[in-house]
Amino acid sequence: MRKKPNLIGSLPNKKSRPTGWQILLIAFFLFYMLLPIVSTYVFSVATRWDRTILPEGYTLEFYQRAIQTSYFTITLRNSFILSMATVLVSLILIVPTVYWVHTRLVGAKPLLDVLMILPFGIPTVVLALALVQVYNFPPIARSPFLLIGAVVVYSMPFMYRPVSNAVQAINIHTLTEACQSLGANVFQILSKVIIPNIMSGILSGSLLVFSTVFAEYTLTSLLVGARFKTFPLLLVEYTRINGNIAASFSVISFTIAWLASILILWAGSQGQRPSKNVTRS
Amino acid sequence: MVMLKKFFRKISDWSGFFPFLIFCLAFEAVPILVLIRGSLIDRTTHQITLQHFLDLQGRSYINSFINSIKLSGLTAVIGVILGTIIGYAIYTWPSERTRKIFITLLNVTSNFAGAPLAFAFVVVLGMNGVITQFLLQWLNYELYPGFSIYSFYGLVLAYVYFQLPLMVLLILPAFAGIKKEWQESARSLGANSFHFWWRIGIPVLMPSLIAGFTLLFANAFGAYATAYTLLQSQFSLVTLKIGFLIAGEVRGDPGIGMAMAVLSLMIMGISIAAYQVATIRARRWSKS
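For clarity, every value in this text was computed on a predicted model and none was experimentally measured.

1. Comments concerning the overall build of chain A
Okay, step 1: Each helix and strand in chain A was counted, giving 13 helices and zero strands.
Okay, step 2: From first element to last, N terminus to C terminus, chain A shows the α and β order α-α-α-α-α-α-α-α-α-α-α-α-α.
Okay, step 3: C-alpha extents for chain A along the principal axes are approximately 75 × 65 × 30 Å.
Okay, step 4: The buried share of chain A, reckoned over its 281 residues, is 44%.
Okay, step 5: Put simply, 76% of the contacts in chain A that link residues at least 6 apart link residues at least 24 apart.

2. Some points on the domain arrangement of chain A
Residues and elements named next belong to chain A.
Okay, step 1: Splitting chain A by domain gives domain 1 (21–59) and domain 2 (66–280).
Okay, step 2: Taking only C-alpha atoms into account, the centre of domain 1 sits 32 Å from that of domain 2.
Okay, step 3: Each side of the interface is counted separately: domain 1 has five residues, and domain 2 has six residues.
Okay, step 4: Class assignment for the residues of the side of domain 1 that touches domain 2 results in three nonpolar, two polar and no charged.

3. Let's talk about the environment of Ala282 of chain B
Residues and elements named next belong to chain B.
Okay, step 1: Within the secondary structure, Ala282 sits in helix α13 (residues 254–287).
Okay, step 2: Put simply, Ala282 and Ser208 are 74 residues apart on the chain and 5.4 Å apart in space, counted from C-alpha to C-alpha.
Okay, step 3: Excluding residues within four positions of it along the chain, Ala282 makes contact with Ala174, Pro207, Ser208 and Ala211.

4. Side note on unusual backbone geometry
Residue and element names in this part refer to chain A.
Okay, step 1: Between Pro138 and the following residue, Pro139, the backbone shows a cis peptide bond with an omega angle of 5°.
Okay, step 2: By secondary structure assignment, the location of Pro139 is in the loop between α5 (124–134) and α6 (144–169).
Okay, step 3: Within the chain, Arg142 stands out as a residue other than glycine whose phi angle is a positive 55°.
Okay, step 4: Residue position: Arg142 is located in the loop between α5 and α6.

5. Things to note about the packing of α5 of chain A against α6 of chain A
All names here are of chain A.
Okay, step 1: Where α5 meets α6, the axes come as close as 11 Å, and the angle between the chain directions of the two elements is 145°. The handedness of the crossing between α5 and α6 comes out as right-handed. Contacts between α5 and α6 involve Thr124, Leu127, Ala128 and Leu131 on the former and, on the latter, Leu146, Ala150, Val153 and Tyr154.

6. Quick notes on the packing of helix α9 (residues 199–214) of chain A against helix α12 (residues 243–269) of chain A
All names here are of chain A.
Okay, step 1: At their nearest, the axes of α9 and α12 sit 8 Å apart, and the two run at 165° to each other. Overall, the two elements α9 and α12 adopt an arrangement that is roughly antiparallel. In the crossing of α9 with α12, the sense of the turn from one axis to the other is left-handed. In contact with Ser200, Leu203, Ser204, Leu207, Leu208, Phe210, Ser211 and Phe214 of α9, α12 contributes Ile256, Ala257, Ala260, Ser261, Leu263, Ile264, Ala267 and Gly268.

7. A closer look at the domain arrangement of chain B
Okay, step 1: According to the domain assignment, chain B contains domain 1 (19–49) and domain 2 (54–287).
Okay, step 2: Relative placement of domain 1 of chain B and domain 2 of chain B: their C-alpha centres are 31 Å apart.

8. So, the environment of Gly38 of chain B
Okay, step 1: With respect to the helices and strands, Gly38 of chain B occurs in helix α2 (residues 18–40).
Okay, step 2: Between the alpha carbons of Gly38 of chain B and Leu230 of chain B there is a distance of 31 Å; along the sequence they are 192 residues apart.
Okay, step 3: Other than its neighbours up to four places away in sequence, Gly38 of chain B contacts Gln133 of chain A together with Pro254, Gly255 and Met258 of chain B.

9. What about the nonpolar core?
Grouped burial of nonpolar side chains is what soluble globular proteins tend to show.
Okay, step 1: In terms of nonpolar packing, the biggest core is built from 160 residues, with Leu127, Ala128, Leu129, Leu131, Leu147, Ala150 and Leu223 of chain A touching the most fellow members.
Okay, step 2: The contact partners of Ala150 of chain A, leaving out residues within four places of it in the chain, are Leu127, Ala128, Leu131, Leu219 and Leu223 of chain A together with Phe27 of chain B.

10. Re the confidence of the model for chain A
Residues and elements named next belong to chain A.
Okay, step 1: Of the residues in chain A, 90% reach a pLDDT of 70 or more, and the chain-wide mean stands at 84.
Okay, step 2: Predicted confidence for residues 9–13 stays below pLDDT 50, and this span has three contacts to residues more than four positions away or in other chains.
Okay, step 3: Low confidence marks residues 273–281, where pLDDT is under 50. Its contacts with residues over four positions away, or in another chain, come to eight contacts.

Criteria and thresholds
Residues numbered from 1 in each chain as written. Chains lettered and ligands numbered in written order. Predicted model: local features only at pLDDT ≥ 70, side-chain atom pairs only at ≥ 80, totals over all residues. Helix = DSSP H or I, 4+ residues; strand = E, 2+ residues; numbered from the N terminus. Buried ≥ 20, exposed ≤ 12 C-beta atoms within 10 Å, placed from the backbone. Contact = placed C-beta atoms within 7 Å. Domains from an automatic or database assignment. Nonpolar A, V, L, I, M, F, W, Y, C, P; charged D, E, K, R; others polar. Axes fitted to C-alpha atoms, helices over the stretch in contact; angles between N-to-C directions. Left-handed = near helix turned anticlockwise from the far one by under 90°. Parallel < 35°, antiparallel > 145°, perpendicular 65-115°, else oblique. Core = buried A, V, L, I, M, F, W, Y, C linked by C-beta atoms within 7 Å. pLDDT = per-residue confidence, 0-100.

In structure tokens form, the structure reads like this:
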């Protein structure tokens, strides 16, 4: 089937300049998007900034104090633990399921798609309320394990889409049959052939889940609260105590998310070419 | 004999799907069902009742729903309009490298939501914020107390911040469905730019615009962290109210909270369903 040319790559005028309107709109867009971020960064290094347009002075004092706050390392550690645990559970839950549905149970794919859209339709507060009502008995009540379950639900779509796209991009049936004809069992097929071929999807999904969970506030504060303080909780706490330190925390969390985004984009671009070679010949 | 074999085969096929199904059951289906059941049962008599839903007619509850719907609707409309215009500006930007930079920027800023975003807006538009100072000193304009970032319109500004990239990323592929040949032939028939967009461009984009609106609406309706950081208890939204109930800060019959949650689910369900329908129709244009 012939593909219509993608307009993004084939504008008729070769090297025309952007119009006045474009420049105006893009300038407004950049201003609106970047000002809050830049202001936060600058605020975190400002001595005093409540009377002037630019800070009165600059200092790294607030970063020092930020790092020295009692819960700093604990919350960072908790956030990392939560994010890594969620990524792990998501991978174990979703990757085999996607593979299974694509090979053994194709009729369930619509069901799987719907189940993966569902988390978008459940507001986090509603999920929190529902979970708190059901799991109000020890040991799971208000425990980090309940939180992990909730956060896996919340982040499922972000793991599912890259993995599903990657699985659909490779010729999974041919690969599976080839492996089976060589006598491999399911685990071997998955670990030695399938997973390496969808690695870019797995990486993208993992990084997406990681950065989403790292910044998650609602479920954490409503389900476990101070029992398992994560970094976003510390940040919100300090917005009411000391704005400059809160800004430092913002910078740290945003920088981590920013790095994860870059890695996601890098991971997404990996493995595009190799998998095509596997099936073309 | 064959039927038995087929039956067992089917069971073994589905058994591979069970772990995931059980997980969804435990953490999604059962809690939601319990929620729905809880909203329909009276605490004391254990009888089915619609009283919790009827109680939602109370002033404060109605207000929270009105506010949430107003907020979500307004930010969705602003997001769709601005997002489409800015999306088009990006789409038709001549340099492809710069376009990619813009798109990267969109992906990166979409991470900046929730509490850090709310706080950033306080830094920018708070009582001593950057823009506030700028308006005061350079243009002699006092932003406060007429405007406050800790108000409805302040919240709108913060919400649009994360609505905008979502819309732009959604509408960009849709522009590929508007063929350049159409614009040329329309021009050769005497139509100017406005005519083209009014009669051809916008109708073709319409499914994507509707998809964008419903997605942005659902996105805003379910948001909690940004509003919580900016407002605390000054302004009532549905998500905030439910949150207070969970945190035990409000003495109230949990049945009402569950009724609110169920109603929210219905509103979200309608939005997501509309989004799915609109997306399927939008895909028709980009496939042709």
